[in-house]
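The chain contents come next:
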Amino acid sequence: MNSCRRIACGDFKSGLSVAFSRVKLPTNSRSRCHAAAAKPAPGSVDTGEKPRLRAIDLAQKLQQEKSQPHAEEPPLSGQQKRVMELKRFSLPLQHVHPNVLAKHLHRGVLYQDKDVVVINKPYGVPVRDDSGATSINSVLPVLSKMMAGMKIKSDSPLFPCLKLEKETTGAFLLARSEKVVEQILNLNRNNQVERKYWVITVGVPVPSEGVIDIPIMEREVTGPRPHYKMALSPLFRMNDAGDGMTKVRAHRQAHPAVTKYRVLDSSSGCSLVELQPFTGVKHQMRVHMALALTCPILGDHKYSHLNKLAPQKLPERVLEKLGLEQSKIRHLPLHVLARQIKLSGTNLADIRVSCPLPKYFIQTLNRLHLTFPDEKNYK
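Residues numbered from 1 in each chain as written. Predicted model: local features only at pLDDT ≥ 70, side-chain atom pairs only at ≥ 80, totals over all residues. Heavy atoms only, no water.

### Re helix α7 (residues 178-189)
Across its twelve residues, α7 extends 17 Å between first and last C-alpha, which sits within 8% of the 16 Å expected from 1.5 Å per residue. Where α7 is concerned, the buried positions are Val180, Val181, Ile184 and Leu187. The buried side chains of α7 occupy one side of the element, clustering within an arc of 125° when seen end-on. Facing away from the buried side of α7, by more than 90 degrees, are the exposed residues Glu178, Lys179 and Arg189. (Helix = DSSP H or I, 4+ residues; strand = E, 2+ residues; numbered from the N terminus. Expected span 1.5 Å × (residues − 1). Buried < 20%, exposed > 50% of the residue type's maximum accessible area, 1.4 Å probe, protein only. Arc of directions from axis to C-beta.)

Right, dumping it as structure tokens:
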């Protein structure tokens, strides 16, 4: 068997040498191969392996790359700076770790006692989110521990009481027990919870103060992008003669909706308006301002158009004041602030809490030359 193996190996080597002898390389290729093989590094042994990269060589290479001048990035335009500014003011807490959001809420507690807590809800963070995303409700256990001094077990859980939309910022009421939640809900049904909002509107409401009492219902908007939105369902319409009003039958899917409003200041074709809703219909204030008073809230891209979804269309002078172009208006956040919350006439402590204005809200007021009343004169 051994002799057979030696014969086989010998035959293979001889065949391989014949095969290589038949391959003819160009003259210049042969010379380059011989030259490369004939020039080992001085003082080194040619082992056939690639030379290792030494740490000092790598450091020198990095130093050379660092010393080489880099091509300067083109400066940002005023439009780009403005968009980055809006994002920085309105989007910092929408996609953060739950502990980060809880710490932010803890630092921004506006009021607390043995029954209730009032926090400053940031823009763009939902109160509840069934998809599992970070929300106010999802971080309440962590916030409760922080408020209890980071004890292992907190005897004061927190429960959200009233609704607040995702795009709304400001005072948000929490209860320390389910019993208090029921008490606050009963107070709210009896109009003993007073909530006031500040909004910036495109246009000036006429008259400057009043009450909007028009039911609201949800309807489907057909077209290239079918969607649902809330709409007015009025109880009166013009008669056939056009000289009076006729009462119509209420739609069975319509919800009563009542909003009190008061203009605080007007300038540059915009207004700072105080709103006080007496009912809690979805998107009530936005619908009443946009469709009843034809003064949509600044940054309301949903209700600025009746039958389509598109960024809000702003007048040229408003765009100029805001430092934006129409093509970038989608970055403008909704300007709705839950400014004040008041509880009274209960066995709970009477409280009145005002929320400070967020940075993007203050900046917009300054750009539009809108002023707001001092805290001493604000009621």
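### Re the pattern of salt bridges
Taken as a whole and judged by the stated rule, the model has six salt bridges. For Arg82, the salt bridge goes to Glu85, with nearest N and O atoms at 3.3 Å. Taken as a pair, Arg82 and Glu85 lie in helix α4 (residues 78-90) at a separation of three residues, close to a single helical turn. Here the two residues Arg82 and Glu85 agree in accessibility, since each one is buried. For Glu165, the salt bridge is made with Arg286, and the minimal N-O distance between the two is 3.2 Å. Taken together, the residues span a long stretch of sequence, with Glu165 in the loop between β3 (159-160) and β4 (169-175) and Arg286 in helix α8 (residues 284-292) at a distance of 121 residues. Here the residues in one salt-bridge network are Glu165, Arg286 and Asp300, joined through shared partners. (Salt bridge = Lys/Arg side-chain N within 4 Å of Asp/Glu carboxyl O.)

### Let's talk about the packing of helix α5 (residues 98-107) against helix α6 (residues 136-147)
Following both chains from N to C, one finds α5 and α6 inclined at 60°, their axes separated by 9 Å at the closest point. With respect to α6, the axis of α5 lies oblique. Classified by chirality, the crossing of α6 by α5 is right-handed. The segment α5 lies against α6, with Pro98, Asn99, Leu101, Ala102, Lys103, Leu105 and His106 engaging Ile136, Val139, Val142, Leu143, Met146 and Met147. Along the lines of polarity and charge, the residues of the contact of α5 with α6 split into ten nonpolar, two polar and one charged. (Axes fitted to C-alpha atoms, helices over the stretch in contact; angles between N-to-C directions. Parallel < 35°, antiparallel > 145°, perpendicular 65-115°, else oblique. Left-handed = near helix turned anticlockwise from the far one by under 90°. Contact = heavy atoms within 4.5 Å. Nonpolar A, V, L, I, M, F, W, Y, C, P; charged D, E, K, R; others polar.)

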